[in-house]
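Coordinate analysis (summary)
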Protein chains: 4
Amino acid sequence: MSKSGKTPIVILNYKTYLESTGKNAIKLTEYVQEVNDTTGIKMGVAAQTIDITKILDNENIDIPIYAQHTDPITPGSHTGHVLPEALVEYGVSGTLINHSEKRMLLADIGQVTTIMKEMGLKSIICTNDVATSAAVASFNPDYIAVEPPELIGTGIPVSKANPEIVSGTVNEIHKINENIPVLCGAGISTGEDMVAARDLGSDGVLLASGIIKADNQKQALLDLVELVK
Amino acid sequence: MSKSGKTPIVILNYKTYLESTGKNAIKLTEYVQEVNDTTGIKMGVAAQTIDITKILDNENIDIPIYAQHTDPITPGSHTGHVLPEALVEYGVSGTLINHSEKRMLLADIGQVTTIMKEMGLKSIICTNDVATSAAVASFNPDYIAVEPPELIGTGIPVSKANPEIVSGTVNEIHKINENIPVLCGAGISTGEDMVAARDLGSDGVLLASGIIKADNQKQALLDLVELVK
Amino acid sequence: MSKSGKTPIVILNYKTYLESTGKNAIKLTEYVQEVNDTTGIKMGVAAQTIDITKILDNENIDIPIYAQHTDPITPGSHTGHVLPEALVEYGVSGTLINHSEKRMLLADIGQVTTIMKEMGLKSIICTNDVATSAAVASFNPDYIAVEPPELIGTGIPVSKANPEIVSGTVNEIHKINENIPVLCGAGISTGEDMVAARDLGSDGVLLASGIIKADNQKQALLDLVELVK
Amino acid sequence: MSKSGKTPIVILNYKTYLESTGKNAIKLTEYVQEVNDTTGIKMGVAAQTIDITKILDNENIDIPIYAQHTDPITPGSHTGHVLPEALVEYGVSGTLINHSEKRMLLADIGQVTTIMKEMGLKSIICTNDVATSAAVASFNPDYIAVEPPELIGTGIPVSKANPEIVSGTVNEIHKINENIPVLCGAGISTGEDMVAARDLGSDGVLLASGIIKADNQKQALLDLVELVK
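Per-chain numbering applies: the sequence of each chain, read as written, is numbered from 1 onward. Numbering of ligands from 1 and lettering of chains from A proceed in the order in which they are written. Note on the predicted model: pLDDT of at least 70 is required for a residue's local features to be given, and 80 or more for side-chain atom pairs to be given and counted; whole-chain, interface and lining totals, by contrast, use all residues. Hydrogens and waters are ignored; side-chain quantities use all the structure's heavy atoms.

**Side note on the interface of chain B and chain D**
In this complex, chain B contributes 16 residues to the contact, which on the side of chain D involves 16 residues. Summed over both partners, the accessible surface that disappears when two parts come together, traced with a 1.4 Å probe, is what is meant by buried area. Of the roughly 1,400 Å² buried where chain B meets chain D, counting both sides, 77% is carbon and sulfur surface. Throughout this description, the term salt bridge denotes a Lys or Arg side-chain nitrogen within 4 Å of a carboxyl oxygen of Asp or Glu. Applying the counting criterion to the chain B and chain D interface returns zero salt bridges. Polar contact is the term for a pair of N or O atoms within 3.5 Å; when the atoms are in protein, one must be able to donate a hydrogen and the other to accept it, and sequence-neighboring residues count only if both atoms are side-chain atoms. Across the chain B-chain D interface, the total number found is four residue pairs in polar contact (both at pLDDT 80 or more). Here a strand is any run of E in DSSP of at least two residues, a helix any run of H or I of at least four, and the numbering for each starts at the N terminus. Listed by contribution, the elements that provide at least two residues to the side of chain B that touches chain D are α4 (106-118) and α5 (130-137) of chain B. Sort the elements by how many residues they give to the side of chain B that touches chain D and α5 of chain B lands first, with five residues. For this classification, Asp, Glu, Lys and Arg are treated as charged, while Ala, Val, Leu, Ile, Met, Phe, Trp, Tyr, Cys and Pro are nonpolar and the rest, including Gly, are polar. Tallied by class, the residues present in the side of chain B that touches chain D amount to eleven nonpolar, four polar and one charged. Should any heavy atoms of two residues lie within 4.5 Å, those residues are considered in contact.

Next comes the structure, spelled out in structure tokens:
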């Protein structure tokens, strides 16, 4: 059990790695499901839009599946957009919002978070530092995930490179709304990173390449949660 | 048979209308398939990314299915993007590029068109006037679709409101490369619009609301091609 | 004197109207200076970047001159950007940030606000509703100006069309930081609008066409502040 | 005299370097004017918008001054934009368009080029490769400047790293319109680079850091044109 009494959660962002696209997305999600089931750590994945229904149709899978981006639109004349109503129709759990690889305008972050609430979907707003984390806390999303963009994909965990950004983010968010769970990301890949993230006050992690590019994805997942389960 | 001896093609852009989302996207694509089969008019659809695999998995459907947008990326650390390799894995035929509701940077239009060629996928570049049509002809896409944005969704066909834009586009594109088929769009909904588009030298149409929002989508499709089949 | 005891301030956004470009920008700024001096109402203008030094070089003018947009950059390899250091060199007072006609990414809003502070310049962050106003309060700018974009340029004052957005914005911003002055904008043009804005708790107004497009700009300015001076 | 019989031109992009901002922009432009006058090489500069009128007001300067970016807008409700009419009022010569540090949508490139023509201003469209250069040739700008973005600021001249991109660009542009002068950029800093650029068929260069960051900017300019004057 975690030091803080909370069991941390893990969200895996599939990005557009080949190792998490198409058939590989299905296989990887089955691993995530297994580790979710055997360890009791609550897991979810953010899949490419094109893969989402394939994953949801797999009867072995019932963990939450998120979109990586959703547009702040209503049904109508929009080409090349991701429609919130389509997420509902297929049973998608919610969406990442404002990931550092898909940054959004302030007004659009607010609007898509509102739409998610209205539709009963979860919103995970990504931020890049303490100040932007505090800012989006005013939107009352379901999660805030702070990821310093300069550490993404480096294997250098934010919890080691810049622990104050995690603890500071947790503090500032909780001044606005103490009920918003905070995830931390960027460079997370090992069980130690997971412990450090928890000890800095976060409620879980958002990660990608550390698991997706591992030689053995399933073992990497097991190692990740070994120390916190 | 058409005046010019060519049978025009029809591409239906599903945008994010509810009438062409989820289960409705499947049903509508079945109508398009039927009209394609019974009339001999070559048809295709540009579906929302989330719906694409559902449509492709339907055994009744073998018309070309296009994405509405694809990003000029290679596999890797990109969140919320549409990956060209995923289109290949699922059997998607190609993509719309630079639709007026999803405009792209010049460099990105060039790059995604190149990627489509390398992967054996079709590129349909959308443009807004004669000059931009001539410009993208240098990229040698599979199709160029000219749509004056001010007419989109109006029901006023470009072939009537501004016929010179269609004939001028065809002329200027063919000065660069006479083998690129030209589609015209914006406001197209009737069989007469279809004839006018053909008579102005275009090879087909790209359309959306005129069919998708019709009370009877299948009949609207039949009416559309009645005079050119 | 104002009901709340505070004298409201007025910031005039010159946008790219011909009536506030080039020589007209100088003349209009002289009017603003005169009305500032004769009425005691604190005024400032947000001029086009190209006009800024012409205005600042005018010896009759000493009211604050703001940029309409500044980029979150440091000196270097950036083309077509507005450099914060240049504002300092010329004596510009600060900048509008995230105007609805120049919306910015969340991370960039945070970054440019930080740069303004570091350089001793003023930041006026524009927002579109209560939630985005509360969000940017976490950046501690010098001013927040709320403007529902659907009312901009309509002549229908926000204080009449949607008074709750003004009072709600003031409340939510002050929960985060009670020292941030709140301006309201969109549709403001008369002395009554100015009173209504004040009575809803705002500290002033950000306005444009109501004055700039007036037949007599100076008289329009005098009328605007008549009831609150 | 140049091998091709043409005297090449030089356009210096000031970007946002401190060495070409404010007072430094004036001083540097005086150097450019002197070298223009003493060598007979036709020179121009693309200055930051805020510096433009200061440079134009300097009585020693009569070389062409360009904006680094201009928006495809008409006068009206646009905040933080660069208005074409303002360029005319102040005597600006024209504008860079679509620099790799300020990339534009295809439709906007076409539109701003059209506006420049209508106003009697010069358009210099920047491109990143052969295909995008051929594309914008259809807009018939006054100049096309090709700069592979990966070489910008490296000091590795495009004429050495990738000579085919220069000669190929010249060929493809001239197939569309043989009267458009082609500039090459990225990594240019020495007299040899200038010769190489000319010998590959270009009509001049667009450069920045090689001169702006030189210890002696004036000497660097003299060295640049020494072999082609």
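**Side note on the interface of chain A and chain B**
Where interface size is given, it is often the accessible area lost as the parts come together that is meant. Contacts between the two partners involve 39 residues from chain A and, on the opposite side, 39 residues from chain B. Sorting the residues of chain A by area buried against chain B places T16, I50 and T79 of chain A first, and these three jointly supply 23% of that buried surface. Remark: the boundary between chain A and chain B carries two salt bridges. K54 of chain A is the salt-bridge partner of D57 of chain B, the closest N and O atoms lying 2.7 Å from each other. In this structure, the connection of chain A to chain B is made through 27 residue pairs in polar contact (both at pLDDT 80 or more).

**With respect to the relation of the copies chain A and chain B**
Note on the identical chains: chain A maps onto chain B by a rotation of 180° and an axial translation of 0.0 Å, with an RMSD of 0.0 Å. When the rotation and shift are considered jointly, the pair of chain copies conforms to a two-fold rotation axis. No C-alpha of chain A approaches the rotation axis more nearly than that of I50 of chain A, which lies at 2.5 Å. A share of 100% of interface residues in chain A that are also interface residues in chain B marks the association as one of identical surfaces. Least-squares superposition aligns the copies on the C-alpha atoms of those residues with pLDDT at or above 70 in both.

**Some words on the arrangement of the chains**
Separated throughout, chain B and chain C approach each other most closely at a C-alpha pair spaced 16 Å apart. Separated throughout, chain A and chain D approach each other most closely at a C-alpha pair spaced 16 Å apart.

**Regarding the relation of the copies chain B and chain D**
The operation relating chain B to chain D is a screw motion whose rotation component is 180°, with 0.0 Å of axial translation and a residual RMSD of 0.0 Å. Here 100% of the contact residues of chain B are again contact residues in chain D; the copies associate through an equivalent surface.

**As for the side chain of T127 of chain C**
Considering the arrangement of structural elements, one finds T127 of chain C in strand β5 (residues 122-127). When sequence neighbours within four positions are dropped, the list of residues in contact with T127 of chain C reads T132, S133, V136, I144, A145, V146 and E147 of chain C.

**Concerning the pairing of strand β5 (residues 122-127) of chain B**
Residues and elements named next belong to chain B. Remark: exposure states derive from per-residue accessible area (1.4 Å probe, protein chains only) relative to the maximum for the residue type, with buried under 20%, exposed over 50%, and partly exposed in between. Counting buried positions along β5 yields five of six residues, so the element is predominantly enclosed. For a crossover, the right-handed case is the one in which the path from the first strand over the helix to the second runs clockwise, viewed with the strands pointing away from the viewer. For the crossover that starts at strand β4 (residues 94-97), traverses α4 and ends in the parallel β5, the hand is right-handed. Strand direction decides the pairing type here: β5 and strand β6 (residues 143-146), joined by four bridges, are parallel. Among the inter-strand pairings, C126 is bridged to a residue of β6, identified as A145. With α5 bridging β5 and the parallel β6, this β-α-β connection has right-handed handedness. Strands are treated as partners if at least two bridges between them are detected by DSSP.

**Considerations on the environment of S167 of chain C**
Mapped onto the elements, S167 of chain C comes out in helix α7 (residues 163-176). Separated by 42 residues in the primary sequence, S167 of chain C and I125 of chain C place their C-alpha atoms 17 Å from one another.

**As for the sheet that holds strand β2 (residues 42-47) of chain C**
All names here are of chain C. Reading around the barrel, the eight strands line up as β1-β2-β3-β4-β5-β6-β7-β8 and close back on themselves, with parallel pairing between neighbours. Within the sheet, the average angular offset between the axes of one strand and its neighbour, ignoring direction, is 25°. Pairing geometry for strand β4 (residues 94-97) and β5, over four bridges, is parallel. Paired with T95 across the bridge in β5 is S123. Contacting β1 (9-13), β2 and β3 (65-67), helix α1 (residues 23-39) crosses the sheet at an angle of about 165° to β2. Only the contacting stretch of a helix is used when fitting its axis, a line to C-alpha atoms as for every element, and angles between N-to-C directions run 0 to 180 degrees. In the packing of α7 onto the sheet, the strands contacted are β6 (143-146) and β7 (182-185), and the crossing angle to β7 comes to about 155°.

**Concerning the packing of helix α5 (residues 130-137) of chain C against α7 of chain C**
Packed helices, taken two at a time, are described by their axes: the angle between them and the distance between them. Residues and elements named next belong to chain C. Orientation of α5 relative to α7, taken along the N-to-C sense of each, is 25°, at an axis distance of 8 Å. The angle between α5 and α7 falls in the class roughly parallel. Crossing of α5 against α7: the hand is right-handed. Contacts between α5 and α7 involve V130, S133, A134 and A137 from the first element and I165, G168, T169, E172, I173 and I176 from the second. In terms of residue class, the contact of α5 with α7 is made up of six nonpolar, three polar and one charged. Geometric relationships in this document are graded by angle, where less than 35 degrees denotes roughly parallel, more than 145 denotes roughly antiparallel, 65 to 115 denotes roughly perpendicular, and other angles denote oblique. Note on convention: the crossing is left-handed when the near helix lies turned anticlockwise from the far helix by less than a right angle, right-handed when the turn is clockwise.

**Topic: the sheet that holds strand β4 (residues 94-97) of chain A**
Residues and elements named next belong to chain A. The strand order around the closed barrel formed by eight strands is β1-β2-β3-β4-β5-β6-β7-β8, and the pairing between neighbours is parallel. Sheet twist, expressed as the mean angle between neighbouring strand axes with direction ignored, is 25°. Here helix α4 (residues 106-118) sits on the sheet and contacts β4 and β5 (122-127); the angle it forms with β5, its principal contact strand, is near 155°.

**Here's the deal with the state of the cysteines**
Residue and element names in this part refer to chain C. Only a pair of cysteine sulfur atoms within 2.5 Å counts as a disulfide in this structure description. Within this structure, the stated rule accounts for zero disulfides over all chains. Unpaired in terms of disulfides, C126 finds its nearest cysteine sulfur in C184, a separation of 12 Å. Using a relative accessible area of 1% as the deciding quantity, one classes C126 as buried. Given the relative accessible area of 0%, C184 is considered buried.

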